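For reference, the chains in residue letters:
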Amino acid sequence: MATAAPTPVRRRTWRSLPVVHQLRQSVGLQRGMLVAGLTITGVFVLTAVFAPLLAPYGYGQLRDADGTFGAQQSPSAEHWLGTTVGGYDVLSRVLYGTRTALFVIVVAILLSIVAGVLLGLVSGYLGGWLDRVLVVVADAVYAFPSLLLAIVAAIVISGGQSSLVGGVLAAAISITVVFIPQYFRVVRAETVRIKSEAFVESARVVGTSTWRIMTRHVLRNATRSLPLIVTLNASEAILTLAGLGFLGFGIQPTAAAEWGFDLNRSISDVTSGIWWTSIFPGSAIVLTVLGLTLVGESLNDLADPRLRARRRAADAPPPADVAVTPGGGLAAGTEGVLP
Amino acid sequence: MTTATQDPAPPAVPADAPAARRRRGGGLGSYLLVRALLIIPTVFILVTAVFFLMRTTGDPITASLGGRLPADQLAERIREAGYDRPLLVQYLDYLGGLLRGDFGTTSTDRRPVTEVLTTYGAATLELAVYGLLVAFVIGIPLGMVAAKVRDRYPDAILRVFAILCYATPVFFAGLLLKLVFSVWLDWLPVAGRISTRGQIQLNRNGAGTGIFLIDAISTGDGDLVVEVLRYAVLPSIALGLLTAGVFLRLVRTNMIGTLGAGYVEAARSRGVSESRLVRKHAYRPALIPIITVIGLQVALVLSGAVLTETTFEWRGLGFQLGQYLQARDFVAVQGIVALLAVIVALTNFVVDVVAALIDPRVRY
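Residues numbered from 1 in each chain as written. Chains lettered and ligands numbered in written order. Predicted model: local features only at pLDDT ≥ 70, side-chain atom pairs only at ≥ 80, totals over all residues.

As annotated in an unreviewed UniProt entry, chain B carries the name ABC transporter permease and comes from Klenkia terrae. Per UniProt, the comment on chain B under Sequence similarities (unreviewed entry) is "Belongs to the binding-protein-dependent transport system permease family." Word for word, the UniProt comment on chain B under Subcellular location (unreviewed entry) is "Cell membrane". (UniProt positions renumbered as here; feature names shortened; annotations may be inferred.)

Chain A is annotated in an unreviewed UniProt entry as ABC transporter permease from Klenkia terrae. Turning to chain A, the UniProt record has this under Sequence similarities (unreviewed entry): "Belongs to the binding-protein-dependent transport system permease family." Quoted verbatim from the Subcellular location (unreviewed entry) field of UniProt, the annotation for chain A is "Cell membrane".

Chemist: Pulling in residues and values, what's your account of the overall build of chain B?
Modeler: Within chain B one finds 14 helices and 0 strands. Going residue by residue from the N terminus, the α and β elements of chain B occur as α-α-α-α-α-α-α-α-α-α-α-α-α-α. For chain B, with 364 residues in total, the buried portion stands at 40%. Taking the contacts inside chain B whose residues are at least 6 apart along the sequence as the reference set, 73% of them involve residues at least 24 apart. (Helix = DSSP H or I, 4+ residues; strand = E, 2+ residues; numbered from the N terminus. Buried ≥ 20, exposed ≤ 12 C-beta atoms within 10 Å, placed from the backbone. Contact = placed C-beta atoms within 7 Å.)

Chemist: How would you summarise the overall build of chain A if you had to cite specific residues and measurements?
Modeler: In terms of regular secondary structure, chain A is built from 15 helices and 2 strands. Expressed as a percentage of the 339 residues in chain A, the buried residues total 47%. Here the analysis covers contacts within chain A between residues at least 6 apart in sequence; of these, 68% occur between residues at least 24 apart.

Chemist: Describe the domain arrangement of chain B, listing the residues and the values that go with them.
Modeler: Many descriptions give the size of an interface as the accessible area lost when the pieces come together. Residue and element names in this part refer to chain B. Along its sequence, chain B is organised into domain 1 (26-108 + 327-364) and domain 2 (117-323). For domain 1 versus domain 2, the distance between C-alpha centres works out to 28 Å. Facing 16 residues of domain 1, the contacting portion of domain 2 comprises 13 residues. Here the side of domain 1 that touches domain 2 is built from residues that sort into 11 nonpolar, 3 polar and 2 charged. (Domains from an automatic or database assignment. Nonpolar A, V, L, I, M, F, W, Y, C, P; charged D, E, K, R; others polar.)

Chemist: Describe the UniProt feature "transmembrane region" (unreviewed entry) in chain A, naming the residues involved and giving the relevant values.
Modeler: Residues given the UniProt feature "transmembrane region" (unreviewed entry) here are residues 33-55, 101-126, 133-157, 163-184, 226-253 and 273-296 of chain A. With 88% helix and 0% strand, residues 273-296 of chain A has its two end C-alpha atoms placed 36 Å apart.

Chemist: Describe the environment of G198 of chain B, naming the residues involved and giving the relevant values.
Modeler: Residues and elements named next belong to chain B. Within the element layout of this structure, G198 appears in helix α8 (residues 196-204). Owing to 21 C-beta atoms within 10 Å, G198 belongs among the buried residues under this scheme. With 26 residues separating them along the chain, G198 and F172 place their C-alpha atoms 28 Å apart. With near-sequence residues (within four places) excluded, G198 lies in contact with L224 and E227.

Chemist: With reference to specific residues and values, describe unusual backbone geometry.
Modeler: Residues and elements named next belong to chain B. One non-glycine residue, E313, lies in positive phi territory at about 50°. You can see E313 is positioned in the loop between α12 (274-312) and α13 (317-326). For E313, a count of 14 C-beta atoms within 10 Å gives the class partly exposed.

Chemist: Please give an account of the interface of chain A and chain B that cites residues and values.
Modeler: The interface is formed by 44 residues belonging to chain A together with 47 residues belonging to chain B. Residue assignment for the side of chain A that touches chain B shows that the elements contributing at least two residues are α5 (128-143), α6 (146-158), α10 (226-249), α12 (267-271) and α13 (276-303) of chain A. Ranked by residue count, the leading element in the side of chain A that touches chain B is α13 of chain A, at 9 residues. Residues belonging to the side of chain A that touches chain B are distributed by class as follows: 28 nonpolar, 12 polar and 4 charged.

Chemist: Please provide a residue-by-residue account of helix α4 (residues 87-99) of chain B, values included.
Modeler: Here α4 of chain B is 13 residues long and its end C-alpha atoms lie 18 Å apart, about the 18 Å a rise of 1.5 Å per residue gives. Positive backbone phi, approximately 80°, marks G101 of chain B, located one or two places after α4 of chain B. (Expected span 1.5 Å × (residues − 1).)

Chemist: Which residues make up the nonpolar core, and what are the values?
Modeler: If you look at the biggest cluster of nonpolar residues, it comprises 171 residues, and the most contacted ones within it are V104, F144, A150, I151, A154 and I175 of chain A. Counting residues domain by domain, this core receives three or more from each of domain 1 (26-108 + 327-364) and domain 2 (117-323) of chain B. Non-local contacts of I175 of chain A, meaning those with residues more than four positions away in its chain, are made with V104, A108, A150, A237, T240 and L241 of chain A. (Core = buried A, V, L, I, M, F, W, Y, C linked by C-beta atoms within 7 Å.)

Chemist: So, the UniProt feature "transmembrane region" (unreviewed entry) in chain B: which residues are in play, and what are the values?
Modeler: Residue and element names in this part refer to chain B. Feature annotation in UniProt places "transmembrane region" (unreviewed entry) on residues 32-54, 127-145, 157-181, 228-248, 286-307 and 331-358, given in this structure's numbering. Helix makes up 100% of residues 127-145 and strand 0%. Its end C-alpha atoms lie 27 Å apart. The distance separating the terminal C-alpha atoms of residues 228-248 is 28 Å; by composition the span is 100% helix and 0% strand.

Chemist: Kindly report on the confidence of the model for chain B, identifying the contributing residues and their values.
Modeler: In the predicted model, chain B carries a mean pLDDT of 76, and the fraction of residues at 70 or more is 87%. Considering only residues more than four positions removed or in separate chains, one finds that residues 1-25 of chain B, a stretch of pLDDT under 50, has 19 contacts. (pLDDT = per-residue confidence, 0-100.)

Chemist: Tell me about the environment of V230 of chain A, and please be specific about residues and values.
Modeler: You can see V230 of chain A is positioned in helix α10. The exposure class of V230 of chain A is buried, given the 21 C-beta atoms found within 10 Å.

Chemist: Requested: an account of the packing of helix α5 (residues 113-148) of chain B against helix α10 (residues 222-259) of chain B, with residues and values cited.
Modeler: Here α5 of chain B crosses α10 of chain B at 35°, and the two axes come no closer than 5 Å. Viewed along their axes, α5 of chain B and α10 of chain B form a crossing whose handedness is right-handed. (Axes fitted to C-alpha atoms, helices over the stretch in contact; angles between N-to-C directions. Left-handed = near helix turned anticlockwise from the far one by under 90°.)

Chemist: An account of the confidence of the model for chain A is needed here, citing residue identities and associated values.
Modeler: Caution applies to low-pLDDT regions: their predicted coordinates should not be interpreted in detail. Residue and element names in this part refer to chain A. With 76% of its residues at a pLDDT of at least 70, chain A reaches an overall mean of 74. At the low end of the mean pLDDT range in chain A sits helix α15 (residues 329-335), at 34; at the high end sits helix α4 (residues 90-126), at 86. Every residue in residues 1-10 scores below 50 in pLDDT, and together they form 6 contacts with partners more than four places removed in sequence or on other chains.

Chemist: So what about the packing of α4 of chain A against α5 of chain A? Which residues, and what values?
Modeler: Residue and element names in this part refer to chain A. The interhelical angle for the contact between α4 and α5, taken along N-to-C directions, is 130°, at an axis separation of 7 Å. Taken as axis vectors, α4 and α5 run oblique relative to one another. In this structure, α4 crosses over α5, and the sense of that crossing is left-handed. Residues L119, S123, G124 and L126 of α4 touch α5, and the partners they reach there are G128, L130, D131 and L134. (Parallel < 35°, antiparallel > 145°, perpendicular 65-115°, else oblique.)

Chemist: Which residues make up the environment of A146 of chain B, and what values do they have?
Modeler: Residues and elements named next belong to chain B. Within the secondary structure, A146 sits in helix α5. The exposure class assigned to A146 is buried, which follows from the 26 C-beta atoms found within 10 Å. Along the backbone, A146 and L158 are 12 residues apart, and their C-alpha atoms lie at a distance of 6.4 Å. Other than its neighbours up to four places away in sequence, A146 contacts D155, L158, R159, L248 and R252.

Structure below.
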């Protein structure tokens, strides 16, 4: 690949970055799905960053200069998406919810990557009884319903109490516990494969330390499929967070806005026909997960040659699509074949 | 575990192996034995981990009744339940109890956990079966269609549908279904498993299985059967859609794989029609990986059932789990979680056995 070229450093431009590379590789419908996913995800991240500017009120705000908002008010000019049963502004809580979700995603994924990759690397490279024990434990945890696992972890971490910032952090760590086995499995499998390759063997022969082989030679090669798992896990993290919130492990409304918790509060609203308290936070979850999953799915398909759409004459994209693809040498060849 | 079994075993037997050693039955037998023995560490690890993790938060009595009882009564309850003994003794006691089928006593309402499990387990089982049925009926045919029209617009729509199924939290799907079909259209009941009148009718019929459909059929009352089914429709769809998306994607991917396989290509060159190729040639081999994946889906369905039951007040294990979580009754939570761990381990075993019986390549 690019790294095998004589001047590997120069060849590593932004074009070989994980997502950018796949974007350039994709065609037709697959590109459409990837672009749609990236757009939604981008909007989600921007909303999270600029939530205080976008939201008309605070997430825990119950009153303004004109007095209290009132509970279960239908959408109006003051409250575009109405107010909740607790008297909060729905729009503000939906917007601030992106912050909670993004924070939990980032913390959960960072923690689980560090723990999972480290364990997988050590387990796969060193082998032995440690490896066997870790594999059995990871398999047991992996097969277990993830939500229940997160519940147990949440009880342990927060003692079942949802405190202030601790609530968000506890949710993130609970989700981490669920994810660690996934990274562990992938990295371990890759490590086992790579450690028998010739370049590892030669590194060992010249006397490189085990730690250096693991970090420089094996790790760099074993993490190739991680971007894919990260995107898929990001969407799972949101769903697990919402599930925890829905079961009452949510963060208190005064501490942060959390979509699952708001949905839990809206169960009784639905029965009496109040739709705005559930539809908007729920749609926010669906949209965010949809965006992240579209990105993850597209990356998955592009990584699998059986599923990757080819630029064949039969189902080649319309010429306009080919024209905007720079450096598409293959596409240029099929262009003339197109009717 | 399931993924580890998917690698096809090397087809060639080492040349030095005597022909008599290549008995197929022996391989299957030892595989099943090893696989059965693997259940024990799985369940053991989960039960142990849950036990010790839960105890790091303190004893269950203080957790649930902390601020509500005077200190001396609290201490009395703790001693009575044996939570003042060393942790290791409690753990061994708990393990011993599990082996005898005793999951402990809940700390809030002082019921044996086993009783809770048998009372509400049937409801969860019923919901899970309905959910899986819905998932099969929706997911498999749509997956076949998607593979057939691969990379054209219907395929894109179906794939977005599959992703939407996955992206919609099961409780939000439930709330939407409730809003549309129960509140706005008023076609189906809002929540619960059965009306009060129906419940009385069932109770009069004596102790049933707890699976309301079977109980209702055994009363011989057609209206009651219809009522039970009407209550089940929305929760089943909400839960089923969650898994339907997974099945759709799996069938699609595997069908694309098998449709490109050599034997299908050969059939195509013999002039077999495209729809017959899908139905007769590519369909069955594409289903084998699904059987393996159902094991993992059981875990997803159980997670989903917890949330679906809370949404629809379906009085099963998940609903009770939610209630006990709110009450901070961790003995009950621990019992329910341990039972679910056993169920997941057992289904995974059954699934692996079925996969091994169907596909001779699946061996360790």
